[in-house]
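# Overview (structure and organization)
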Amino acid sequence: MDQPTRAIADYAASVRFETLERGAVDAARRHLIDSVGCALGAVGAPPVVIARRIAATASGTFGASVLGLAERTTAEQAAFANTCALRYLDFNDTGIGGHPSDMIPAALAVAEALRVSGKAVIAAIHASYEVVAALRLCGFAPRAWNIDQAQNVIGSAVGAGVIMGLDRERMANAVSLAITPNIPLRATRAGRLSDWKGCATAHGAMMGVLAARWANAGLTGPPEPFNGIGGLCQLFGIKPLCIERIGEPRDGLGALQSTGLKPFPAQYNAQGPLSAMLELRREFQPGEVAQIKVGLHWGGWYESGGGQGDHDEKWNPSTRESADHSLPYVLAVALIDGEVTPASFGDARRSDPALHALMQRITVHEDPELTREHAGEVPGFPSTVEVVLDSGATFMRRTRWPKGHPRNPLGDDELQAKFRRLAGGTLSAKQTDRMLQTLLSFDRLADIEVLAAQFRSICCEEAGRG
């Protein structure tokens with residue numbers, strides 16, 4: 001094995017619930033609550049409906065449940081469909097590289113198929129987050145290589161492998177079988193964003209489940225997928241990767257605790273500017289605004305402020321997926337509406353001329369000072385928002401740690417309120433209470449079928465043919 005494969009396999013094969021600290025268990029449960037809530041809020045979204053309809057055409061003995069589908073499908077299809085739902089609103093967690101909660105449905109699907117406990121799932125979630133964090137810290141940088149979020153397929157395979165109880169050799173093969181055939185294109189997240197923006201990591205979750213199942217059955221993968229001949233590092237012309245720290249705290253926080261939760265359904269770099277705008281708008285009316293200047297760290301400018309050559313799409317988003325990644329769009333919505341919710345991205349809202357006129361008064365730039373402040377093992381996501389009125393009056397807000405950041409976390413009451421808002425369009429109040437209580441006591445479940453049955457009890461439209 002090459003060093004990264006060996007390090008991941010050694011660590012993942014050793015993870016046990018009994019060795020986890022209480023803080024890690026609590027964090028896993030919080031991220032699970034947030035993830036299921038985000039998925040419930042998107043069960044009617046077009047890509048999610050498509051994924052569910054395709055899932056309805058598959059079945060097998062290794063089966064798992066999909067939100068809103070009465071019968072079980074395969075574990076792979078369940079991982080894909082549930083991750084599509086989880087990811088659609090761009091409301092789920094962010095912070096150690098991409099959206100690590102996109103890996104959770106892979107663990108849930110395998111856990112249901114094997115009828116294991118909530119403790120086993122929490123151990124798997126913990127392991128997958130720690131592996132993704134270790135990859136980021138060792139120089140695994142998909143954006144720099146112009147590819148998409150390839151780390152999630154590795155983490156999904158690890159989570160599935162932990163639940164299966166894979167030994168070191170099989171875990172290494174699961175890692176190799178996850179990364180070797182799954183190098184995704186950066187086109188997913190550039191220019192005019194499509195449905196695939198919310199489905200790409202779902203594909204990673206699906207393939208992670210399959211990789212772990214292949215490895216469990218004895219299939220082998222290339223032993224040096226990272227540093228070997230024809231491996232990842234040679235492909236991108238970089239020096240060999242070396243994972244020196246895995247499973248260790250960063251600035252006193254584990255990987256789950258280092259990952260932020262979102263108060264707004266928008267790209268994570270917008271969370272601070274949105275909070276600032278909602279404070280500032282108390283001081284003036286939208287019609288008084290002459291200019292809004294936003295400063296971000298380099299990554300924020302690149303992802304949501306037109307920095308990757310997609311300025312036109314960011315200032316005139318043609319799809320929902322582009323809009324929730326457009327900082328000028330969400331700031332204009334916040335200023336005019338006083339809120340940003342999942343309903344803020346509909347076709348009618350996106351085409352509002354007043355909204356587009358305001359967007360043209362917004363500029364976004366990289367601030368080198370903020371880029372330096374953002375650096376670190378637990379990035380800060382700093383931002384500045386300056387509003388200049390027609391009168392010449394100026395208002396400024398600076399955010400270091402936006403609400404939901406590990407240093408400024410959502411409280412348990414805020415997290416549960418978010419869950420209830422997202423579930424409200426899909427579940428009755430009684431169903432919402434029941435599912436929330438199941439998730440709050442998740443580490444005490446002897447069999448996660450309790451949660452899976454609630455997934456299947458949700459009434460959605462009749463699934464059509466694939």
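Attention in this report is confined to the structure presented alongside it. (Residues numbered from 1 in each chain as written. Predicted model: local features only at pLDDT ≥ 70, side-chain atom pairs only at ≥ 80, totals over all residues. Heavy atoms only, no water.)

Turning our eyes to something else, we now look at the overall build of the chain. Counting its secondary structure elements, the chain contains 21 helices and six strands. For a compact globule of 466 residues, the expected C-alpha radius of gyration is about 23 Å, and the chain comes in at 21 Å, within 12% of that figure. For the C-alpha atoms alone, the extent of the chain along its principal axes is close to 70 × 55 × 40 Å. Per-residue burial for the chain yields a buried fraction of 60% across its 466 residues. Across the chain, the fraction of contacts at a sequence separation of at least 24, relative to all contacts at a separation of at least 6, is 74%. About 17,400 Å² of surface is accessible on the chain, with carbon and sulfur atoms providing 51% of the total. A distance of 2 Å separates the average location of the 46 positive side-chain charges in the chain from that of its 50 negative side-chain charges. (Helix = DSSP H or I, 4+ residues; strand = E, 2+ residues; numbered from the N terminus. Rg over C-alpha atoms; globule rule 2.2 N^0.38 Å. Buried < 20%, exposed > 50% of the residue type's maximum accessible area, 1.4 Å probe, protein only. Contact = heavy atoms within 4.5 Å. Areas by Shrake-Rupley, 256 points an atom, 1.4 Å probe, with all protein chains shown as cover. Lys, Arg positive; Asp, Glu negative; His and termini not counted. Charge placed at Lys NZ, Arg CZ, Asp CG, Glu CD.)

The biggest cluster of nonpolar side chains holds 116 residues, and the ones touching the most others in it are Ile 8, Phe 140, Ile 154 and Met 435. For this core, the element with the most residues is helix α6 (residues 118–137), which contributes twelve residues. In this view, Met 435 contacts Val 36, Leu 40, Phe 419, Leu 427, Leu 451, Gln 454, Phe 455 and Ile 458; residues no more than four positions away in its chain are not counted. Among the nonpolar cores identified, the runner-up in size contains 33 residues, and Phe 264, Met 277, Phe 284 and Ile 362 belong to it. (Core = buried A, V, L, I, M, F, W, Y, C linked by side-chain atoms within 4.5 Å.)

The next subject is the pairing of strand β5 (residues 383–389). Burial analysis of β5 places six of its seven residues in the buried class, which makes it a mostly covered element. Of the strand pairs in this sheet, strand β3 (residues 289–296) and β5 are connected by seven bridges, and their pairing is antiparallel. Among the inter-strand pairings, Val 289 is bridged to a residue of β5, identified as Leu 389. As judged from the six bridges shared by β5 and strand β6 (residues 394–399), these two strands associate in the antiparallel manner. Each residue of the ladder has a partner; that of Ser 383, found in β6, is Thr 399. Hairpin geometry of β5 and β6 is characterised by an intervening segment of four residues between the two adjacent antiparallel strands and by a positive phi of about 95° at Gly 392. (Pairing = 2+ DSSP bridges.)

As a further point, take the layout of surface pockets. Estimated volume of the largest pocket: approximately 840 Å³. Contributing to the lining of the largest pocket are 32 residues, with Gly 97, Gly 98, Arg 136, Arg 143 and Glu 303 lying nearest its centre. Among the elements of the structure, α6 and α12 (298–304) are those that each provide at least two residues to the lining of the largest pocket. Examining the composition of the lining of the largest pocket, we find that three residues originate from one element, α12, more than from any other. Within this model, the second largest pocket holds a volume of roughly 270 Å³. Lining the second largest pocket are 17 residues, with Glu 21, Ala 24, His 126, Glu 130 and Gly 247 sitting closest to its centre. (1 Å grid on protein atoms, 1.4 Å probe; cavity = no way out; pocket = protein on both sides within 12 Å on 5 of 7 lines; lining within 4 Å. Points joined across faces, edges and corners; volume = space filled by probe spheres on them.)

Turning our attention to helix α2 (residues 22–40). Look at α2: 27 Å from first C-alpha to last across 19 residues, which is about the 27 Å you get at 1.5 Å a residue. A large share of α2 lies buried, amounting to 16 of its 19 residues. (Expected span 1.5 Å × (residues − 1).)

Bringing the packing of aromatic side chains into the picture now. Enumeration according to the criterion identifies seven aromatic pairs in this entry. Between Tyr 268 and Phe 381 the ring centres are 4.6 Å apart and the planes differ by 80°, which places this aromatic pair in the edge-to-face class. Of this pair, Tyr 268 sits in the loop between α10 (232–236) and α11 (271–280) while Phe 381 sits in the loop between α18 (368–374) and β5, and the two are 113 residues apart along the sequence. Comparing Tyr 268 with Phe 381, the two get one shared label, buried. (Phe/Tyr/Trp six-rings, centres within 6.5 Å; stacked < 30°, edge-to-face > 60°.)

Looking now at α11. Burial analysis of α11 places eight of its ten residues in the buried class, the great majority of the element. Every buried residue of α11 is accounted for by Gln 271, Gly 272, Pro 273, Leu 274, Ala 276, Met 277, Leu 278 and Leu 280. Taken together, the buried residues of α11 touch β3, α15 (327–337), β5 and β6.

The tally for this structure, following the rule as stated, stands at 37 salt bridges. A salt bridge links Arg 245 to Glu 377, with the shortest nitrogen-to-oxygen separation between them at 2.4 Å. Of this pair, Arg 245 sits in the loop between α10 and α11 while Glu 377 is found in the loop between α18 and β5, placing the two residues 132 residues apart along the sequence. Looking at Arg 245, the relative accessible area reads 29%, which means it is partly exposed. Connected through shared salt-bridge partners, Arg 87, Asp 90, Asp 102, Lys 197, Lys 262, Arg 320 and Asp 324 make up one network. (Salt bridge = Lys/Arg side-chain N within 4 Å of Asp/Glu carboxyl O.)

Structurally, Gln 271 can be placed in helix α11. Separated by 3.1 Å, the side chain of Gln 271 and the backbone oxygen of Phe 264 make a polar contact. (Polar contact = N/O pair within 3.5 Å; in protein donor to acceptor, adjacent residues only side chain to side chain.)

Before going further, it helps to spend a moment on the environment of Trp 315. Along the chain, the position of Trp 315 falls in helix α13 (residues 311–315). Each C-alpha atom, one on Trp 315 and one on Asp 93, is 25 Å from the other, the two residues being 222 residues apart in sequence. Apart from residues no more than four positions distant in its own chain, Trp 315 is found in contact with Gly 305, Gly 306, Pro 328, His 356, Met 359, Gln 360, Ile 362, Thr 363 and Val 364.

Taken together, the four strands give an open sheet; going across it, the order is β4-β3-β5-β6, and neighbouring strands pair in mixed fashion. Two strands close off the open sheet at either side, each with one partner strand: β4 (362–366) and β6. Between one strand and the next, the sheet's axes are offset by a mean angle of 15°, whatever the strand orientation. Relative to the sheet, α11 contacts β3, β5 and β6, its axis offset from that of β5 by approximately 35°. (Axes fitted to C-alpha atoms, helices over the stretch in contact; angles between N-to-C directions.)

Within the secondary structure layout, Leu 166 lies in the loop between α7 (151–164) and α8 (168–179). Judged by its relative accessible area of 3%, Leu 166 falls in the buried class. With 153 residues separating them along the chain, Leu 166 and Ala 13 place their C-alpha atoms 6.3 Å apart. Setting aside residues up to four positions removed in sequence, Leu 166 forms contacts with Ala 13, Gly 161, Met 171, Ala 174, Ala 212, Ala 215 and Asn 216.

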